[in-house]
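Below are the chains, spelled out letter by letter.
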Amino acid sequence: NDDFGETDVVLVIGANDTINSAALDDPGSPIAGMPVLEVWNAKNVVVMKRTMGTGYAAVDNPVFYKENTQMLLGDAKMRCAELTQQVMSHYSK
């Protein structure tokens, strides 16, 4: 967690509750006090999920709506392959 403030991009694959800021910010949340990765402190966050649905704890995730978060919905395996191809293409020029 200490490094996220100096991190340019965090790529989150399939995690939901483990990056939910409500665990720290909302004392009334069912996940209040749960240890989480504070990815929202990074400059940019890309979250890969199939849908915008809630995770195992059935708690909405405020991180998904923060200005520095982009949602990349769909099958994460396919999305990772697409991203890898784009990065390789960019750097092979």
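Cut-offs applied
The residue count restarts for each chain, going from 1 along the sequence in the order it is written. Two thresholds apply to this predicted model, a pLDDT of at least 70 for residue-level local features and 80 or more for giving and counting side-chain atom pairs, whereas whole-chain, interface and lining totals are computed over all residues. As a rule here, side-chain values cover all heavy atoms of the structure and leave hydrogens and water aside. Strands are runs of DSSP state E lasting at least 2 residues, helices are runs of H or I lasting at least 4, and numbering of each runs from the N terminus. For this analysis, residues touch if any pair of their heavy atoms sits within 4.5 Å. Accessible areas in this description were obtained via Shrake-Rupley with a 1.4 Å probe; residue shielding takes into account the shown protein chains only. Positive: Lys, Arg. Negative: Asp, Glu. His and the chain ends are not part of the count. A charge is said to be at NZ when it belongs to Lys, at CZ for Arg, at CG for Asp and at CD for Glu. Joining through side-chain atoms within 4.5 Å is the link that ties buried Ala, Val, Leu, Ile, Met, Phe, Trp, Tyr and Cys residues into a set, and such a set is a nonpolar core. Note on exposure labels: buried denotes an accessible area under 20% of the residue type's maximum, exposed denotes more than 50%, and partly exposed covers the range between, all computed with a 1.4 Å probe on protein chains only. One bridge is not enough; two strands pair if DSSP finds at least two bridges between them. pLDDT gives the predictor's per-residue confidence on a scale running from 0 to 100. The rule for a salt bridge is simple: a side-chain nitrogen of Lys or Arg has to be within 4 Å of a carboxyl oxygen of Asp or Glu. Only the contacting stretch of a helix is used when fitting its axis, a line to C-alpha atoms as for every element, and angles between N-to-C directions run 0 to 180 degrees.

(A) Spotlight on the overall build of the protein chain. Counting its secondary structure elements, the protein chain contains two helices and three strands. Overall, the protein chain shows an N-to-C arrangement of helices and strands of β-α-β-β-α. Each principal axis of the C-alpha atoms in the protein chain carries an extent, and together these give about 50 × 30 × 20 Å. Pairs at least 24 apart in sequence give 63% of the contacts found in the protein chain among residues at least 6 apart. Summing over all exposed atoms, the protein chain offers an accessible surface of approximately 6100 Å²; the carbon and sulfur share of this is 54%. Distance between charge centres in the protein chain, computed from 7 positive and 12 negative side chains, equals 12 Å.

(B) Seen up close, the nonpolar core. Judged by nonpolar contacts, the single largest core of 16 residues is most densely connected at Val10, Val12, Ile19, Val39, Val45 and Val47. When residues of this core are traced back to their parent elements, those giving at least two are strand 1 (9–13) and strand 2 (44–49). When near neighbours in sequence (up to four residues on either side) are disregarded, Val47 contacts Val12, Ile19, Phe64, Thr69, Gln70, Met71 and Leu72.

(C) Structural view of the pairing of strand 2. Counting buried positions along strand 2 gives five out of six residues, so the element sits mostly inside the fold. Of the strand pairs in this sheet, strand 1 and strand 2 are connected by five bridges, and their pairing is parallel. Within strand 2, the position partnered with Val10 by the bridge is Val45.

(D) Region of the structure containing the side chain of Ser29. Its location among the elements puts Ser29 in the loop between helix 1 (22–25) and strand 2. Of the residues examined, Ser29 reaches a relative accessible area of 9% and is grouped as buried. Apart from the residues within four sequence positions on either side, Ser29 is in contact with Ala22 and Val59.

(E) Broad picture of the confidence of the model for the protein chain. A residue-level look at the protein chain finds 99% of positions with pLDDT of 70 or above and a mean pLDDT of 92. Per-element confidence in the protein chain ranges from a low mean pLDDT of 92 for helix 2 (residues 76–91) to a high of 96 for helix 1.

(F) The arrangement of the side chain of Lys49 in detail. Summarising the element assignment, Lys49 is placed in strand 2. Of the buried charged residues, Lys49 lacks a salt bridge, with Asp17 as the closest side chain of opposite charge at 7.7 Å. Residues in contact with Lys49, not counting those within four places in the same chain, are Asn16, Phe64, Met71, Leu72, Leu73 and Gly74.

(G) Region of the structure containing the sheet that holds strand 1. Ordered by their spatial adjacency, three strands build an open sheet running 1-2-3, and the pairing between neighbours is parallel. Two strands lie at the open edges of the sheet, namely strand 1 and strand 3 (69–73), each paired on one side alone. Going across the sheet, the axis of each strand differs from the next one's by a mean of 20°, ignoring polarity.

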